[in-house]
Amino acid sequence: GIRDKLVTGVQTCALPISTPVRDEALHLFEQAAQALPARVDLRLHLADLYLMEKRPADAISQIEAARAAGKVPLAANELLLEAYLESNQKGRAAELLPEMIAADPKNVKLYLALGSLRNEVKDYPAATSMFIKAVELDPNSVDGWTNLASSLYLMKEYARALTALEKVAALNADTPGTYFVRALCFDQLGGQQQAFDN
């Protein structure tokens, strides 16, 4: 019956598998999710398989159906975020992230993700606040300090951007990009020699 097929599908998916076997497992999960629509766990596993198969639109439909059916684990929102980003639905990702942050307020990666999305739409103050929260939670976050410096630079807050870049340097994490932003900031502040040095 369907339960036996489902167990086989789960066992198969836990192993490194070839394409035909993976396709069969995916088909079994599709059948199971259709036969047992109230089973959120089946929908989420099917969504995960769709993401592995680079089918984010199908993953989104399964996760959104699971969310509509009731409470889902935090991992479901992580899958949904991944699916939104893979399908270039950044607006929907930006709408989901505050909900995810409320459920997991100490997750630095969520603040970085929302800050990056805010930067992309040129909402630099909102991006800056997300990056500040990220570095407050993790003072050793190179991504947090680097992104904070970039958003401050884009807001023309050059002195504050340099302060963030000092943290990057202190973490021994400078890159050609951080040297470039540092040079631009010094240039804007009249420090031509320091700009040249960088």
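Residues numbered from 1 in each chain as written. Predicted model: local features only at pLDDT ≥ 70, side-chain atom pairs only at ≥ 80, totals over all residues. Heavy atoms only, no water.

Chemist: Let's hear about the packing of helix α10 (residues 158-170) against helix α11 (residues 176-188): which residues, and what values?
Modeler: As a packed pair, α10 and α11 sit with axes 9 Å apart at the nearest point and diverge in direction by 145°. Handedness of the crossing formed by α10 with α11: left-handed. In this structure, α10 contributes Tyr158, Ala161, Leu162, Leu165, Val168 and Ala169 to the contact, and α11 contributes Thr178, Val181, Arg182, Cys185, Phe186 and Gln188. Along the lines of polarity and charge, the residues of the contact of α10 with α11 split into 9 nonpolar, 2 polar and 1 charged. (Axes fitted to C-alpha atoms, helices over the stretch in contact; angles between N-to-C directions. Helix = DSSP H or I, 4+ residues; strand = E, 2+ residues; numbered from the N terminus. Left-handed = near helix turned anticlockwise from the far one by under 90°. Contact = heavy atoms within 4.5 Å. Nonpolar A, V, L, I, M, F, W, Y, C, P; charged D, E, K, R; others polar.)

Chemist: I'd like to hear about the environment of asparagine 119, residue by residue, with values.
Modeler: Among the structural elements, asparagine 119 can be located in helix α7 (residues 108-120). Look at asparagine 119 and you get buried, because its relative accessible area is 15%. Note: C-alpha distance between asparagine 119 and asparagine 147 (28 residues apart in sequence) is 9.1 Å. Once residues lying within four places of it in the same chain are set aside, the contact partners of asparagine 119 are Tyr124, Ala127, Phe131, Asn147, Ser151 and Leu154. (Buried < 20%, exposed > 50% of the residue type's maximum accessible area, 1.4 Å probe, protein only.)

Chemist: Which residues make up the packing of helix α6 (residues 90-103) against α7, and what values go with them?
Modeler: Helix-helix packing is described using two parameters, namely the angle between the two axes and the distance between the axes. Contact pair α6 / α7: the axes reach a minimum separation of 10 Å and the direction vectors enclose 145°. For the pair α6 and α7, the sense of crossing is left-handed. Along its contact with α6, which presents Lys90, Ala93, Ala94, Leu97, Pro98, Met100 and Ile101, the element α7 presents Leu110, Tyr111, Ala113, Leu114, Leu117, Arg118 and Glu120. Looking at side-chain class alone, the contact of α6 with α7 contains 11 nonpolar, no polar and 3 charged residues.

Chemist: Can you explain the nonpolar core? Please cite residues and give values.
Modeler: If you look at soluble globular proteins, the nonpolar side chains tend to sit buried side by side. By size, the foremost hydrophobic cluster in this structure holds 56 residues, and its most contacted members are Leu97 and Leu148. Residue contributions to this core peak at 8 residues, all from helix α3 (residues 40-52). If we skip the residues at most four places from it in the chain, leucine 148 touches Thr128, Phe131, Ile132, Val135 and Ala164. (Core = buried A, V, L, I, M, F, W, Y, C linked by side-chain atoms within 4.5 Å.)

Chemist: A description of the packing of aromatic side chains should follow, citing residues and the corresponding values.
Modeler: Summed over all chains, the structure comprises 1 aromatic pair. An angle of 55° between the planes, with centres 5.6 Å apart, marks the rings of tyrosine 153 and tyrosine 158 as tilted. (Phe/Tyr/Trp six-rings, centres within 6.5 Å; stacked < 30°, edge-to-face > 60°.)

Chemist: Tell me about the pattern of salt bridges, residues and numbers included.
Modeler: Per the counting criterion, the structure on display carries 8 salt bridges. Overlapping salt bridges bring together Glu30, Arg55 and Asp58 as one network. (Salt bridge = Lys/Arg side-chain N within 4 Å of Asp/Glu carboxyl O.)

Chemist: Outline the side chain of serine 141, listing residues and values.
Modeler: With respect to the helices, strands and loops of the structure, serine 141 is situated in the loop between α8 (124-137) and α9 (142-154). Looking at serine 141, the relative accessible area reads 6%, which means it is buried. Residues contacting serine 141, with those up to four places away along its chain left out, are Val108, Leu112 and Val135.

Chemist: Kindly report on the environment of alanine 173, identifying the contributing residues and their values.
Modeler: Along the polypeptide, alanine 173 turns up in the loop between α10 and α11. We classify alanine 173 as buried; its relative accessible area is 15%.

Chemist: Break down the confidence of the model for the protein chain for me, with residues and values.
Modeler: When pLDDT is averaged across the protein chain, the result is 89; 90% of the residues are at 70 or more. Segment residues 1-16 is flagged for pLDDT under 50; beyond a separation of four residues in sequence, or across chains, it makes 20 contacts in the model. (pLDDT = per-residue confidence, 0-100.)

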